[in-house]
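# Architecture and fold: a report
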Amino acid sequence: MIPIKSKSELEKIRRTCRIVARTIEYLRSKVKAGTTTKELDREASQMIKKLGGRSAFFGYRGFPGHICTSINEEVVHGIPGPRMLLAGDIISLDVGVEYKGYFGDAAVTFPVDGIGEKAKHLIEVTKKSLDKAIEIARRRNHLSDISHCIQKYVE
């Protein structure tokens, strides 16, 4: 059974998720050819701290980054490092934050300085899949309702 959150708890969750969203929006401006994933990690760390949060990823089971950075064919949980972004890449930035005992997490994929049609199509289809999932995520629906809706759309 899922416990019902109080107004105070919900506000802390909202605050945590706002830190995630603001950090991702800030990083959007830093995604450009010539930037390393380590630089993005450093920028994220500073922004999360400035906004009053703590990286949920740093140190978790030894993870060395404050965010996950996955380029092109890398699926998830890429480790920030010296790899430099190139024009035409796509990068997924996964940001997790803890604030006053509550966690927020989101991942967004960004194009790097113009991308090909295949990459554009991938981003469009995944965004539309998310939109469809949000439409289905309602009281009394099941997780399988979401997965079946997305599968039908993608196929």
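These notes cover the structure that comes with them. (Residues numbered from 1 in each chain as written. Predicted model: local features only at pLDDT ≥ 70, side-chain atom pairs only at ≥ 80, totals over all residues. Heavy atoms only, no water.)

## As for the overall build of the protein
Our working definition: Strands are runs of DSSP state E lasting at least 2 residues, helices are runs of H or I lasting at least 4, and numbering of each runs from the N terminus. Here a residue-residue contact requires only that any non-hydrogen atoms of the pair lie within 4.5 Å. Only four residue types enter the tally: Lys and Arg on the positive side, Asp and Glu on the negative side, with His and both chain ends excluded. One atom stands in for each charge, and that atom is NZ of Lys, CZ of Arg, CG of Asp or CD of Glu.
Looking only at helices and strands, the protein features 4 helices and 4 strands. When the helices and strands of the protein are read in sequence order from the N terminus, they spell out α-α-β-β-β-β-α-α. Counting only C-alpha atoms and orienting by the principal axes, one finds that the protein spans roughly 45 × 40 × 25 Å. Contacts in the protein between residues at least 24 apart in sequence constitute 56% of all its contacts with a sequence separation of at least 6. Considering the protein, the positive charge centre built from 27 side chains and the negative charge centre built from 19 side chains are found 8 Å apart.

## Notes on the packing of helix α3 (residues 117–136) against helix α4 (residues 143–154)
Which entries qualify depends on this criterion: Fitting a line to C-alpha atoms yields each axis, with helices limited to the stretch in contact; the angle taken between N-to-C directions then spans 0 to 180 degrees. Here a crossing is called left-handed whenever its near helix is offset anticlockwise from the far helix by less than a right angle, and right-handed whenever the offset is clockwise. Basically, the charged four are Asp, Glu, Lys and Arg, the nonpolar ten are Ala, Val, Leu, Ile, Met, Phe, Trp, Tyr, Cys and Pro, and anything else, Gly included, counts as polar.
Packing of α3 against α4 brings their axes to within 9 Å, and their N-to-C directions diverge by 145°. In this structure, α3 meets α4 at a crossing whose hand is right-handed. Contact with α3, carried on its side by V125, K128, S129, K132, A133 and I136, involves D145, I146, C149, I150, Y153 and V154 of α4 and no other residues of that element. Here the residues of the contact of α3 with α4 sort into 8 nonpolar, 1 polar and 3 charged.

## Things to note about the pattern of salt bridges
This is how it is decided: A pairing counts as a salt bridge when a side-chain nitrogen of Lys or Arg comes within 4 Å of a carboxyl oxygen of Asp or Glu. Exposure categories follow from relative accessible area, calculated using a 1.4 Å probe and restricted to protein chains: below 20% of the type maximum is buried, above 50% is exposed, and the middle band is partly exposed.
One pass over the full model with this rule turns up 7 salt bridges. In this structure, the salt-bridge partner of E98 is R54, at a minimum N-O distance of 3.2 Å. Taken together, the positions of E98 in strand β3 (residues 90–99) and R54 in strand β1 (residues 54–55) put the pair 44 residues apart, joining distant regions of the chain. By relative accessible area, which is 16% here, E98 ends up buried. For the salt bridge of D131 with K127, the shortest nitrogen-to-oxygen distance reads 2.7 Å.

## Remarks on unusual backbone geometry
Of note, R61 is a non-glycine position whose phi angle comes to about 50°, a positive value. Within the secondary structure, R61 sits in the loop between β1 and β2 (67–71). The backbone of K100 sits at a positive phi, close to 50°, despite the residue not being glycine. Here K100 is to be found in the loop between β3 and β4 (102–111).

## A few points about the pairing of β2
Let me state the cut-off plainly: The pairing criterion for strands is at least two bridges between them, as found by DSSP.
For β2, a buried count of 5 out of 5 residues is recorded, marking the element as mostly surrounded by other parts of the structure. Of the two faces of β2, both are covered, the one formed by I67, T69 and I71 as well as the one formed by C68 and S70. Inspection of the sheet shows β2 paired to β3 by 5 bridges, in the antiparallel sense. When the bridges of β3 are listed, I71 appears paired with I91.

## As for the packing of aromatic side chains
As a reminder, the rule being used: Stacked, edge-to-face and tilted labels apply to pairs of Phe, Tyr and Trp rings (six-membered ring for Trp) whose centres lie within 6.5 Å, assigned for plane angles under 30 degrees, over 60, and everything in between, in that order. The rule is short: NZ of Lys or CZ of Arg within 6 Å of the ring centre and within 35 degrees of the ring normal puts a charge over the ring.
Counted by the stated rule, this structure contains 0 aromatic pairs. R15 extends its terminal NZ or CZ atom over the ring of Y99, reaching a point 5.5 Å from the ring centre.

## Quick look at the environment of H66
With respect to the helices and strands, the residue H66 is situated in the loop between β1 and β2. The class for H66 is buried, based on a relative accessible area of 18%. H66 sits 18 residues away from I48 along the chain, and the two C-alpha atoms are 9.2 Å apart. When sequence neighbours within four positions are dropped, the list of residues in contact with H66 reads D41, S45, S55, F57 and F58.

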